[in-house]
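Read off the chains here:
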Amino acid sequence: MKNCIWCRKDELTTTFKKLAHTIPQSLGGQYICLNVCDSCNEMFGNHFEGLPSVETILKETFNISRVKFLDTEQNIGKNKPLPKFSSIYFDVDLKKHKISLKIAYRFKVGFQEKICRQLKKGLYKVFLEETERQKGNAHSPEFDFMREFARYNMGEYPVFYFRRVSKWIGMPKIAAVRPEIYLDNGFQMFYLVQEPSFFEFEFLGHVFGIATSRYWYLVFDNYIKKSMEVKKGHFETWHDITQFNEIDLTLSTLSE
């Protein structure tokens, strides 16, 4: 019997008719999490208190990056892996590596912080649904804090962003067409560390770290020290992102 990893309801009390893509289909996501009910799936696609939905922010964020990896003539346009790129919220100049909020949103107080929170919730959402798809253990109580944060907007949890200094990205073009997140260490790049209470992953050229424990802060110092040692020469800084513009969405390092 299906049991939703978010609200814990089963088929006797809710429906599971719609396909719940772990990575938004608008980003090329192919995989489905069977244990996400229609109500929770719809919630991630709905606007939240006047803000763009979690799914919209994921799409807005990473379609900007996908443009850097996909040939404009062969892969971008009508009936291509990536439709012609047009951002809802941002003015994007990929040649100059500049991105800014459009006028309509630029003067909304706290908008950068609020959409950053939506992005962070989205990354935790993707992780937990992929955990269920790949390992089948997302119902574990250890992930309750992720449910509270991503689904119910409770609490505050980190997303660490590691800024590249190296131009090298070991990502095949197919990963930009059909992006995936690998939970198995055997598929991870050498500069990604998997420490207790943390998980690092690479997604469309960006490297993120998230907490996998409610009490992540107790071992944070050891984690970040080890992480930056492994990344030496490839990444120069890290941030616990609080504003959307702290992410190098245009992957400017690749063109420097």
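Procedures and definitions
Sequence order sets the numbering: in each chain, residues are counted from 1 along the sequence as written. It should be noted that, the model being predicted, local features are given only for residues of pLDDT at least 70 and side-chain atom pairs only at 80 or more, the latter also being counted only at that level, while totals for whole chains, interfaces and linings use all residues. Just so you know, side-chain values use all the structure's heavy atoms and leave hydrogens and water out. To qualify as a helix, a DSSP run of H or I must reach at least 4 residues; to qualify as a strand, a run of E must reach at least 2; elements of each kind are numbered from the N terminus. Put simply, the radius of gyration uses C-alpha atoms, and a globule should come to 2.2 Å times the residue count raised to 0.38. Relative accessibility under 20% of the residue-type maximum defines a buried residue, over 50% an exposed one, and the middle range a partly exposed one, all with a 1.4 Å probe and only protein chains included. Residues are treated as being in contact if the distance between any of their heavy atoms lies within 4.5 Å. Residue exposure ignores everything except the shown protein chains as possible cover, and the areas themselves are Shrake-Rupley values with a 1.4 Å probe. Neither His nor the chain termini are counted; the positive set is Lys and Arg, and the negative set is Asp and Glu. By convention, charge coordinates are those of NZ in Lys, CZ in Arg, CG in Asp, or CD in Glu. Scored between 0 and 100, pLDDT is the confidence that the predictor attaches to each residue. We call a pair of cysteine sulfur atoms a disulfide when they lie within 2.5 Å. Salt bridge, as used here, is a side-chain nitrogen of Lys or Arg placed within 4 Å of a carboxyl oxygen of Asp or Glu. Residues grouped as a nonpolar core are buried Ala, Val, Leu, Ile, Met, Phe, Trp, Tyr and Cys residues, joined through side-chain atoms within 4.5 Å. Two strands are counted as paired when DSSP detects at least two bridges linking them. In this analysis, rings of Phe, Tyr and Trp, with Trp reduced to its six-membered ring, are considered paired at centre separations within 6.5 Å, and the interplanar angle assigns stacked below 30 degrees, edge-to-face beyond 60, and tilted for intermediate values. In this scheme, the term charge over a ring applies when either NZ of a lysine or CZ of an arginine sits within 6 Å of the ring centre and within 35 degrees of the ring normal.

A. Region of interest: the overall build of the protein chain. Scanning the protein chain for helices and strands turns up eight helices and six strands. Helices (α) and strands (β) of the protein chain occur, in sequence order from the N terminus, as α-α-α-β-β-α-α-α-β-α-β-β-α-β. For 256 residues, the compact-globule estimate of 2.2 N^0.38 gives 18 Å, and the protein chain sits close to it at 18 Å. The buried share of the protein chain, reckoned over its 256 residues, is 51%. Within the protein chain, contacts between residues at least 6 apart in sequence are counted, and of these 66% link residues at least 24 apart. Carbon and sulfur atoms form 51% of the exposed surface of the protein chain, whose accessible area is close to 12,700 Å². In the protein chain, the 36 positive side-chain charges and the 31 negative ones have mean positions that sit 5 Å from each other.

B. Examining the confidence of the model for the protein chain more closely. Residues with a pLDDT of 70 or more make up 93% of the protein chain, whose mean pLDDT is 89. Per-element mean pLDDT across the protein chain ranges from 63 in helix 3 (residues 72–75) up to 98 in helix 6 (residues 144–151).

C. The arrangement of the state of the cysteines in detail. Going through the model one piece at a time under the given rule, you end up with zero disulfides. Unpaired in this structure, Cys4 has its nearest cysteine sulfur neighbour in Cys40, at a distance of 3.7 Å. Just so you know, Cys40 is unpaired, no disulfide at all, and the nearest cysteine sulfur is the one on Cys37, 3.6 Å from it. Overall, the relative accessible area of 0% leaves Cys40 in the buried class.

D. Up close: the pattern of salt bridges. A full pass over the atoms with the stated rule returns 11 salt bridges. When the shortest N-O distance is used, the salt bridge between Lys125 and Glu129 registers 3.2 Å. Of this pair, Lys125 and Glu129 both sit in helix 5 (residues 111–135), separated by four residues, roughly a single helical turn. A single salt-bridge network, built from bridges that share partners, covers Arg117, Lys120, Glu156 and Asp240.

E. Up close: the nonpolar core. The biggest cluster of nonpolar side chains holds 75 residues, and the ones touching the most others in it are Trp6, Phe62, Leu119 and Tyr124. Per element, the largest residue contribution to this core is nine residues, and it comes from helix 5. Setting aside anything within four residues of it in sequence, one finds Tyr124 in contact with Trp6, Phe145, Met146, Phe149, Ala150, Tyr157, Pro158, Val159, Ile210 and Ala211.

F. Representation of the pairing of strand 4 (residues 198–203). Buried residues dominate strand 4, accounting for six of its six residues. What you see with strand 4 is no split at all: Phe198, Glu200 and Glu202 on one side and Phe199, Phe201 and Phe203 on the other are buried throughout. Where strand 4 folds back on strand 5 (residues 206–211), the antiparallel hairpin that results is connected by two residues, among which Leu204 adopts a positive phi of roughly 50°.

G. Layout of the packing of aromatic side chains. The final tally for this structure, using the stated rule, is 31 aromatic pairs. With a centroid separation of 5.7 Å and an interplanar angle of 15°, the aromatic rings of Phe199 and Phe201 are classed as stacked. Owing to a relative accessible area of 6%, Phe199 belongs among the buried residues under this scheme. The class of Phe201 is buried, set by a relative accessible area of 2%. Of the aromatic side chains, those joined through ring pairs into one cluster are Phe62, Phe127, Phe143, Tyr161, Phe199, Phe201, Phe203 and Phe208. Note that Lys125 overlies the ring of Phe44, its terminal NZ or CZ placed 5.8 Å from the centroid.

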